[in-house]
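Chain and residue survey
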Amino acid sequence: MGTLQPYRLALAGWLLLLPLLVLVYFPAFEGPFLLDDHTAVVMNSEIREVTPANVLSLFRSHRDVRALDHHPVPALTFLFDFQWAGFEPWAYRISNLLLHWLTAGAALWLLLWAAPLLLPTTSNTSAAALGVVALWAFHPFATMPVAYITCRQETLMVLGSLLSLVFLAKGWEIASLLAAVAAFLSKEVAVTLPFVLFALEWLKSGAGFWQTFRLRPRYFAALTIAWGFLCYWHLKGGRRSHITADGMPLAKTLDYFQAQCGVIVGYLAKFLAPLDLQFYPWVRKVGPWTDWLPQGIFLAGLFALGLWLMLRKQGRVRWMGFALLWPFFVLGPTSSFIPIPYEPAMEYRFYLPALPVFALLVWGGLAYFERRSWPDRWLYAGVAVWALALAGLSHLRARDYQSSERLYEQQVSVDPQSLFGWDALNSSYFAQGLYDKARAGAWKTIDLALVEKAPDFLGRSYHTLALMEMERKNDEAAIDFLRRAIAAADTTNAKPALAGLLMKRGEFAEAEKLVKQVLAYIPDRMDALFLDYELKLRRGDLAAAEQVLNTLERYHPGHPSIEDQQLRLLRIKSGKSTVEGLR
């Protein structure tokens with residue numbers, strides 16, 4: 001019974017954590033869908049119904065490659081969420097919070113297993129593990145995985161990774177392998193997980209490198225095969241070509257590496273002082289060597305220290321080296337194998353790395369207190385105060401997510417040169433009908449994009465200006481801005497709008513060309529399908545038009561416009577109306 005007591009205390013602490021997390025993060029439940037939430041949930045036809053075809057489609061190349069392509073595990077959770085929540089964003093955030101809590105439970109389980117290897121023999125392992133988990137769960141870096149719905153893929157990747165480590169530590173090979181595969185299928189940043197699993201087994205066994213393989217030959221063989229297959233599956237998915245087709249250039253590898261040196265040091269600074277966080281920070285191209293080499297040397301020193309500690313003979317010191325190197329394994333790959341220039345600094349990327357860093361700080365503090373013969377309760381009191389401070393900051397950060405306008409205004413207040421911040425704020429202003437603000441912001445973004453040489457943001461800003469001209473019924477100016485948007489970034493978002501305006505002017509050939517380009521990229525895009533339907537009607541090809549309506553019904557079942565067009569088509573077929581007669 002005595003050996004179970006610490007686990008009972010840990011379980012009670014973990015259960016108590018859930019209502020505390022609700023208190024911290026509930027302000028974010030009021031927020032709207034943001035960015036990729038629209039493509040992952042609102043416009044994702046594959047999550048409308050639980051059917052074998054829809055479930056299988058989630059494991060194939062997703063039609064919207066920017067949201068859930070090759071991330072079938074989070075896509076499945078959205079599929080099931082939609083059945084009870086529909087288009088209510090608060091419900092998806094509740095699921096995110098529950099997953100964050102479950103991930104905290106997995107972290108607690110791993111820490112309870114590891115505590116005897118790292119802590120002084122006199123320490124309360126349950127209290128120490130709970131302290132680390134509380135700090136991690138309340139840190140503002142966790143706000144994004146809770147409040148940004150699509151960020152669920154990061155949480156699921158971390159959950160799968162932690163469970164895989166726990167199961168391997170316990171000797172449950174099949175469960176560990178399945179959890180690792182789930183992590184791969186949640187987000188491809190788990191590509192380095194096999195190396196972490198091997199390091200864990202190597203340290204746990206105390207054997208040499210080759211002997212470690214021989215201890216679990218079937219496990220590591222199966223893990224290697226799964227890893228190789230999933231790497232191939234991700235890389236053949238065409239995400240690079242699709243992203244560049246959407247007007248987003250890829251960074252060069254050296255540029256990305258140089259930017260990451262400053263970004264990772266920035267994570268550490270924000271980890272200790274989580275103030276002035278940005279939802280989607282804009283990272284500029286690194287200039288002279290002074291902008292990245294000092295940070296690179298510092299990080300190389302940390303990496304060398306961790307490697308040196310892992311190669312030492314003392315068990316506790318080796319595990320400290322593992323905890324120091326683990327963040328590098330997580331941060332090593334980009335968020336999606338794809339070096340996107342302005343996405344290397346998302347705060348959720350330090351979501352998992354923060355856990356071993358907290359463990360080093362808290363458990364290192366306990367070892368220091370033991371050498372000084374100080375009471376542990378002083379350290380635990382400090383951890384409690386730190387956790388309360390982090391919870392307060394996270395609560396304030398969660399309030400920023402109550403409206404997209406508030407979130408993006410906070411972003412540009414921190415970084416007035418943020419291209420993403422201005423672009424997102426312009427879209428928010430436009431959605432609210434604040435056209436003067438949106439127009440001024442769009443021109444400011446154009447000026448910044450020209451300076452930063454960012455054609456994708458240049459195209460987006462011209463598109464925003466075009467939409468405002470369309471609201472004013474100024475088609476000629478709208479067409480001009482849309483052509484500028486496509487010329488700048490070949491953006492698929494501007495093409496349906498331009499096709500619609502060209503159809504109004506009777507320029508059907510060019511409109512059809514644009515529609516085909518969009519549908520080749522996103523086959524279920526609703527506005528492009530309706531345009532395709534209209535073009536086929538005007539050609540008099542009623543059979544082809546009916547096929548497009550069937551496609552719309554399959555991708556977007558129950559949409560009222562589809563039923564209207566079905567009735568219209570019937571009237572045309574029966575001779576009771578013409579193509580122009582009923583629109």
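Values in this document were obtained by computation on a predicted structure and should not be read as measured data.

Things to note about the overall build of the protein chain
- Secondary structure summary: the protein chain contains 28 helices and zero strands in total.
- Taken against the 2.2 N^0.38 rule, which gives 25 Å for 583 residues, the C-alpha radius of gyration of the protein chain at 26 Å falls within 12% of a compact globule.
- When its C-alpha atoms are laid out on the principal axes, the protein chain stretches across 90 × 50 × 45 Å.
- The 583 residues of the protein chain split such that 55% are buried.
- Partitioning the intrachain contacts of the protein chain with sequence separation of at least 6 by distance along the chain shows that 70% fall at a separation of at least 24.
- Of the accessible surface of the protein chain, which amounts to about 25,100 Å², a share of 65% is contributed by carbon and sulfur atoms.

What to know about the packing of helix 20 (residues 419–431) against helix 21 (residues 435–452)
- Interhelical geometry of helix 20 versus helix 21 gives an angle of 160° and a closest axis separation of 8 Å. Looking at the two axes, helix 20 sits roughly antiparallel to helix 21. Helix-helix and strand crossings are classified by hand; for helix 20 and helix 21 the assignment is left-handed. In this structure, helix 20 uses Leu419, Trp422, Asp423, Asn426, Tyr429 and Phe430 to contact helix 21, whose residues at the interface are Tyr435, Lys437, Ala438, Gly441, Ala442, Lys444, Thr445, Leu448, Ala449 and Glu452.
- Looking at the contact of helix 20 with helix 21 residue by residue, the class counts come to nine nonpolar, three polar and four charged.

Some details on unusual backbone geometry
- The phi dihedral of aspartate 276 falls on the positive side, at around 55°, and the residue is not glycine.
- Within the fold, aspartate 276 resides in the loop between helix 14 (253–272) and helix 15 (293–310).
- A positive phi is found at lysine 453, a non-glycine position, where the angle reads about 55°.
- You can see lysine 453 is positioned in the loop between helix 21 and helix 22 (455–471).

Points about helix 19 (residues 404–414)
- Turning to helix 19, its buried residues are Ser404, Glu405, Leu407, Tyr408, Gln410, Gln411 and Val412.
- Of the surrounding secondary structure, the elements contacted by the buried residues of helix 19 are helix 18 (376–400) and helix 20.

Quick look at the packing of aromatic side chains
- Taken as a whole and assessed by the stated rule, the structure comprises 39 aromatic pairs.
- One aromatic cluster is present, formed by Phe198, Trp202, Phe209, Trp210, Phe213, Tyr219 and Phe220 through successive ring pairs.
- Taking the ring centre of tryptophan 202 as reference, the NZ or CZ of arginine 318 above it sits at 4.6 Å.
- We note arginine 460 situated over the ring of phenylalanine 457; from NZ or CZ to the ring centre the distance is 4.8 Å.

Quick notes on the rules
Per-chain numbering applies: the sequence of each chain, read as written, is numbered from 1 onward. Confidence filtering applies because this is a predicted model: local features only for residues at pLDDT of at least 70, side-chain atom pairs given and counted only at 80 or more, and all residues used for totals across whole chains, interfaces and linings. Note: side-chain values were computed over all heavy atoms of the structure, leaving out hydrogens and water. The helix and strand labels rest on DSSP assignments: H or I over at least four residues marks a helix, E over at least two residues marks a strand, and numbering proceeds from the N terminus. With the radius of gyration taken over C-alpha atoms, the globule rule is written as 2.2 Å times the number of residues to the power 0.38. When accessible area is computed with a 1.4 Å probe and restricted to protein chains, residues below 20% of their type maximum are described as buried, those above 50% as exposed, and intermediate ones as partly exposed. By definition in these notes, contact holds between two residues if any of their heavy atoms fall within 4.5 Å. Only the protein chains shown count as cover for residues, with accessible areas throughout obtained via the Shrake-Rupley method and a probe of 1.4 Å. Note on definitions: angles span 0 to 180 degrees between N-to-C directions of axes, and those axes are lines fitted to C-alpha atoms, for helices only across the stretch in contact. For this classification, under 35 degrees means roughly parallel, over 145 means roughly antiparallel, 65 to 115 means roughly perpendicular, and everything else is oblique. In this scheme, a crossing is called left-handed if the near helix is turned counterclockwise away from the far one by less than a right angle; it is called right-handed if the turn is clockwise. Only Asp, Glu, Lys and Arg are considered charged in this grouping, and only Ala, Val, Leu, Ile, Met, Phe, Trp, Tyr, Cys and Pro are considered nonpolar; every other residue, Gly among them, is considered polar. Pairing of aromatic side chains here covers Phe, Tyr and the six-membered ring of Trp, requires ring centres within 6.5 Å, and sorts the geometry by plane angle: under 30 degrees stacked, over 60 edge-to-face, intermediate tilted. A ring is scored as having a charge over it whenever the NZ atom of a lysine or the CZ atom of an arginine sits within 6 Å of its centre and within 35 degrees of its normal.

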